[in-house]
Amino acid sequence: AMKKGMLAALLCLILLSGCGGKPEPIPLEELPQDYSLEQAKADGCLVTEDGTVTSGQEAWEEFLNAAEAGKAASVRLCSYYTLDDPSRYDPDYYESVKDDYPMMFLKDLSYDGERFTTLSYEEGQRHEETYSFLRRREQTAPSFGVKIIQYIITNDAESSLEKIGSQLYSSSFSPEDWIPFDIVYQEIIPPEA
């Protein structure tokens, strides 16, 4: 049993040295093409798979705590999507998109003490956006019996988050009324059994 304890302590040390003097993550544009979901988890990204946070919750909490304290911080977000059950899709549609999945999107979210910035690369194009506020939204979807927690970055401190979120589903918004925002965190909590 002694040996096991030693090994655990050693592992702890290795892990701690990794996190304590955290090496900077590899810049997004330098990540290899075959960067994997497993790698994202190992790197401490906040990983969301099909809408459920599966890894990196600690990194997110650290980011939130730092931002609330007005300290600079950053976290890498990894969103992973699969085509879960083929029978749920139109067969032609499924055939046409199945090779695109699984899909993985990576985005860096940083806070400089004043503003929140997201950085991502799509097909080699750099996308950077900056927002002033990080706002938390919690809603219960009674029909599904789930609770959804979202963190949204936006420049709008006034509008309700319902209004901001509903823009995604509504076609009646005129472009000048559009409130830019980005959902940087979403957790779906199933009903307690």
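Cut-off values and rules
- Once a new chain begins, its residue numbering starts again from 1 and follows that chain's sequence as written.
- pLDDT decides what is reported in this predicted model: residues at 70 or higher carry local features, side-chain atom pairs at 80 or more are listed and counted, and totals for whole chains, interfaces and linings draw on all residues regardless.
- The side-chain numbers reported here are obtained from all heavy atoms of the structure, hydrogens and water having been left aside.
- Residues grouped as a nonpolar core are buried Ala, Val, Leu, Ile, Met, Phe, Trp, Tyr and Cys residues, joined through side-chain atoms within 4.5 Å.
- Buried, partly exposed and exposed residues are distinguished by accessible area as a fraction of the type maximum, computed with a 1.4 Å probe on protein chains only: under 20%, between the cut-offs, and over 50%, respectively.
- Each helix is a run of DSSP H or I of at least 4 residues and each strand a run of E of at least 2, with the numbering of both proceeding from the N terminus.
- Note on definitions: a residue-residue contact is assigned when non-hydrogen atoms from the two residues lie within 4.5 Å.
- If DSSP finds at least two bridges between two strands, the strands pair.
- The axes used here are C-alpha line fits, helices contributing only the stretch in contact, and every angle between their N-to-C directions lies in the interval 0 to 180 degrees.
- Helices are assigned an expected span. That span is 1.5 Å times one less than the residue count.
- The arc in question is the one spanned by the directions pointing from the helix axis to the C-beta atoms.

Some points on the nonpolar core
Here comes step 1: Core analysis: the biggest nonpolar cluster contains 20 residues, and Trp60, Phe63, Val75 and Leu109 have the highest contact counts within it.
Here comes step 2: Elements supplying a minimum of two residues to this core: helix H3 (57-68), strand S3 (73-81), strand S4 (103-111), strand S8 (146-154) and strand S9 (181-189).
Here comes step 3: The element that contributes the greatest number of residues to this core is H3, accounting for 6 residues.
Here comes step 4: If sequence neighbours within four positions are ignored, phenylalanine 63 has contacts with Ala73, Ser74, Val75, Leu109, Ser110, Tyr111, Phe116 and Leu134.
Here comes step 5: Of all hydrophobic cores here, the second largest spans 11 residues; its members include Val47, Tyr80, Leu106 and Leu119.

Considerations on unusual backbone geometry
Here comes step 1: With an omega dihedral of -5°, the bond running from tyrosine 101 to proline 102 counts as a cis peptide bond.
Here comes step 2: Position of proline 102 among the secondary structure elements: in the loop between helix H4 (91-97) and S4.
Here comes step 3: Not every positive phi belongs to a glycine, and aspartate 50 is a case in point at roughly 45°.

Description of the sheet that holds S9
Here comes step 1: Judged by pairing direction, the sheet is antiparallel, and its 3 strands sit side by side in the order S7-S8-S9 without closing on themselves. The open sheet has two free edges, formed respectively by strand S7 (133-141) and S9, since each of these has just one partner strand. For this sheet, the mean inter-axis angle between neighbouring strands, taken without regard to orientation, is 20°.
Here comes step 2: Of the strands in this sheet, S7, S8 and S9 are in contact with H3, which crosses S9 at around 130°.

Side note on the sheet that holds strand S1 (residues 46-49)
Here comes step 1: Here we have 6 strands laid out as an open sheet, ordered S2-S1-S3-S4-S5-S6, and mixed in their pairing. Strand pairing shows two members of the sheet lacking a second neighbour, strand S2 (52-55) and strand S6 (125-131), which therefore form its edges. Along the sheet, successive strands turn relative to each other by an average axial angle of 25°, direction set aside.
Here comes step 2: By the bridge criterion, 4 bridges tie S1 to S3 in an arrangement that is parallel. Bridge pairing in S3 places threonine 48 opposite serine 79.
Here comes step 3: Sheet strands in contact with H3 are S1, S2, S3, S4 and strand S5 (116-122), and its direction is about 140° off that of S3.

Notes on the environment of serine 120
Here comes step 1: If you trace the backbone, serine 120 turns up in strand S5.
Here comes step 2: Judged by its relative accessible area of 9%, serine 120 falls in the buried class.
Here comes step 3: C-alpha separation for the pair serine 120 and glutamate 29, spaced 91 residues apart in sequence, amounts to 8.5 Å.

Quick word on H3
The periodicity of an α-helix, 3.6 residues per turn, causes residues three or four positions apart to be oriented the same way.
Here comes step 1: For H3, with 12 residues, the first-to-last C-alpha span of 16 Å sits near the 16 Å given by 1.5 Å per residue.
Here comes step 2: Restricting attention to buried positions, one finds in H3 the residues Ala59, Trp60, Phe63, Leu64, Ala66 and Ala67. For H3, the angular spread of the buried residues around the axis is 165°, confining them to a single face. H3 presents Glu58 and Glu68 as exposed residues on the side facing more than 90 degrees away from its buried surface.
Here comes step 3: Glycine 70 occupies a position one or two residues after H3 and carries a positive phi of about 75°.

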